[in-house]
Amino acid sequence: MGGIETGASTMRLVVLAAIDLAARDAVAGGWLLGDDSAAVLQYNHVLHDSVARVTRRLIGTGGIIYLDELDEGDCACCRVREDLIGTLQHLVDQGNWERAVLSLPVGAPVGSLAAQLDTAIADGSLTGVVLSSVVVAVDRPGVADDLFGDDLLDERGLAMSSHDRRAVGEALGELIDYADLVIGTGEAADPGDAVLRQLAGSRYQPEWTMVEGAALFGARHDVAAAGRRIDPLHVTLADHAQHESAAWSLDLHVAAPVHPGRLLERLEDLALGRFRSRGYLWLPNRPDTPCVWDGGGGQLSIGSLPGWQERAPSCRLIITGVEPGERERVRATFADVLCTPEEIATSRWSEDDLAPWLGPVPQRAKTDQAD
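Everything quoted here is computed from the prediction, not taken from an experiment.

About the criteria used
- Residues numbered from 1 in each chain as written.
- Predicted model: local features only at pLDDT ≥ 70, side-chain atom pairs only at ≥ 80, totals over all residues.
- Heavy atoms only, no water.
- Buried < 20%, exposed > 50% of the residue type's maximum accessible area, 1.4 Å probe, protein only.
- Helix = DSSP H or I, 4+ residues; strand = E, 2+ residues; numbered from the N terminus.
- Pairing = 2+ DSSP bridges.
- Phe/Tyr/Trp six-rings, centres within 6.5 Å; stacked < 30°, edge-to-face > 60°.
- Axes fitted to C-alpha atoms, helices over the stretch in contact; angles between N-to-C directions.
- Parallel < 35°, antiparallel > 145°, perpendicular 65-115°, else oblique.
- Left-handed = near helix turned anticlockwise from the far one by under 90°.
- Contact = heavy atoms within 4.5 Å.
- Nonpolar A, V, L, I, M, F, W, Y, C, P; charged D, E, K, R; others polar.
- pLDDT = per-residue confidence, 0-100.
- Core = buried A, V, L, I, M, F, W, Y, C linked by side-chain atoms within 4.5 Å.
- Lys, Arg positive; Asp, Glu negative; His and termini not counted.
- Salt bridge = Lys/Arg side-chain N within 4 Å of Asp/Glu carboxyl O.

### With respect to the pairing of strand 13 (residues 315-321)
A regular strand places its side chains so that they alternate between the two faces of the sheet.
Consideration 1: The buried fraction of strand 13 is high, at 7 of 7 residues.
Consideration 2: The two faces of strand 13 match: C315, L317, I319 and G321 on one face and R316, I318 and T320 on the other face are all buried.
Consideration 3: In the sheet, strand 10 (residues 275-281) pairs with strand 13 via 6 bridges, with the strands oriented antiparallel. Across the sheet, the residue bridging to Y280 is R316, located in strand 13.

See the structure below:
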């Protein structure tokens, strides 16, 4: 990996996340080969009877340097947060490592932890660390089933707490969206490789050996740019994404609202299937509050945002799937739930269609409907 010049007290850090243990450890182990100036700070967790047990180990080229068990708690991610800054500062102060890989517990959400690191570096509570990159390791043969299947993290023993009800696809999808680089492991496999090209575009590399260590550790992670990638109001089609035989993507973007009643009637048609969909919708009875949409593998999460961030209301869903027949069916369903010009001009909207998910219609919207 060599070739990176650093000060004696500076350590360049790559954050590594995954929902597959073998994929995570294969990438981390590969980076250690032949580099005595690099170490892996690895966190693992087990959740049993609502008690999270977290271990912390430091691994060098010669193997495990130390292994500690953190105090038990009810949230594995919280325990990592509490331990992380002090442990990294200790590694920097030792002065033994120019490069380190922070290997997060499998299933941990990377965005919030990267933001914690960025804040600590900015405010001086963590010194001598450069946050270089955030990387996600994925199992190429299994990634399509992980993204589009209906498993929950707790069904795989990966939940961070007893309240963690995230789906595997939801957790993996957010990791892929946030990462600076997505690295594949295992044998080449479609539709897995095709799906990753659709979702990550040029941020995807099929093998860790194709990644230049100097470039990876020499970069600087941009928390704001990564945050935009997971912001539902900033969804975009990945660069270089295009229709392939093994996977496809749709960018459904229109300056028209959806009909609340028809959306509710066609919700399963738009959400269920072997595809991932995310973005936002414009509801005419809630003109000031975008409806956030995040679906995959037959599961759907919808909610609302406080405002349009100075942009004109519209609807946009980015949808990626693997079943050829689903592409046009989803496109047709989306077109069917849009309001017609006549409906926009004449309809008075019921406030109850999506209230169980989005809450009561805001007062201003009620007033507008009455005018």
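### Let's talk about the packing of aromatic side chains
Consideration 1: Enumeration over the complete set of coordinates arrives at 2 aromatic pairs.
Consideration 2: Between W31 and F217 the ring centres are 6.3 Å apart and the planes differ by 75°, which places this aromatic pair in the edge-to-face class. Taken as a pair, W31 in helix 1 (residues 21-32) and F217 in helix 7 (residues 213-218) lie far apart in primary sequence, 186 residues in all. Across the pair, F217 and W31 agree in class, each one buried.
Consideration 3: With centroids separated by 5.8 Å and ring planes inclined at 80°, the aromatic side chains of Y280 and W308 adopt a geometry described as edge-to-face. With Y280 in strand 10 and W308 in the loop between strand 12 (299-304) and strand 13, this residue pair connects regions lying 28 residues apart in the sequence. Of the two residues, Y280 and W308, both sit in the buried class.

### Some details on the packing of helix 2 (residues 76-94) against helix 3 (residues 110-123)
Between two packed helices, both the angle of their axes relative to each other and the distance between the axes serve to describe the pair.
Consideration 1: Contact geometry for helix 2 and helix 3: axes closest at 11 Å, N-to-C directions at 30°. On the basis of the axis angle, helix 2 is roughly parallel to helix 3. Crossing of helix 2 over helix 3 shows right-handed handedness. Across from C77, V80, R81, L84, I85 and L88 in helix 2, the residues of helix 3 making contact are S112, L113, Q116, L117 and A120.
Consideration 2: Across the contact of helix 2 with helix 3, the residue classes break down as 8 nonpolar, 2 polar and 1 charged.

### Here we look at the confidence of the model for the chain
Consideration 1: Of the residues in the chain, 93% reach a pLDDT of 70 or more, and the chain-wide mean stands at 90.
Consideration 2: Long-range and interchain partners of residues 1-8, a stretch whose pLDDT sits below 50, account for 18 contacts in this model, where long-range means more than four residues apart.

### So, the sheet that holds strand 7 (residues 181-185)
Consideration 1: Strand order in the open sheet made by the 8 strands is 4-3-2-5-1-6-7-8, with mixed pairing throughout. Of all strands in the sheet, those bounded by a partner on one side alone are strand 4 (63-69) and strand 8 (204-205).
Consideration 2: Bridge analysis of strand 2 (residues 38-48) against strand 3 (residues 51-60) gives 9 bridges, and the strand direction is antiparallel. Bridging from a neighbouring strand, Y43 pairs with R56 of strand 3.
Consideration 3: Its contacts with the sheet put helix 1 on strand 1 (11-17), strand 2, strand 3, strand 5 (99-103), strand 6 (129-139) and strand 7, and the angle it makes with strand 2 is roughly 165°.

### Structural notes on the environment of H253
Consideration 1: Following the sequence through the fold, H253 ends up in strand 9 (residues 248-254).
Consideration 2: Here H253 falls in the partly exposed class, since its relative accessible area comes to 42%.
Consideration 3: A sequence separation of 102 residues divides H253 from A355, and the C-alpha atoms of the two residues are 24 Å apart.
Consideration 4: Apart from the residues lying within four places of it in its own chain, the contact partners of H253 are Y280, S314, C315 and R316.

### Side note on the nonpolar core
Consideration 1: One finds L13, V15, L88, L102 and L117 to be the most contacted residues of the largest nonpolar core, which totals 63 residues.
Consideration 2: Broken down by element, the residue count for this core peaks at 8 residues, all from helix 2.
Consideration 3: Filtering out sequence-adjacent residues up to four positions away, L117 remains in contact with L13, V15, L84, I85, L88, L102, L126 and L131.
Consideration 4: Within the second largest apolar cluster, 29 residues are counted, among which are L250, Y280, C291 and I302.

### Regarding the side chain of D231
Consideration 1: Its location among the elements puts D231 in the loop between helix 8 (223-230) and strand 9.
Consideration 2: Among buried Asp, Glu, Lys and Arg side chains, D231 stands out as unpaired, with R311 the closest opposite charge at 6.4 Å.

### Re the packing of helix 5 (residues 168-178) against helix 8
Consideration 1: Direction vectors running N to C along helix 5 and helix 8 enclose 140°, while the axes themselves pass 8 Å from each other. One finds that helix 5 runs oblique with respect to helix 8. You can see that helix 5 and helix 8 cross each other, and the crossing is right-handed. Contact residues: E174, D177 and Y178 in helix 5; V223, A226, G227, R229 and I230 in helix 8.
Consideration 2: For the contact of helix 5 with helix 8, a count of residues per class yields 4 nonpolar, 1 polar and 3 charged.

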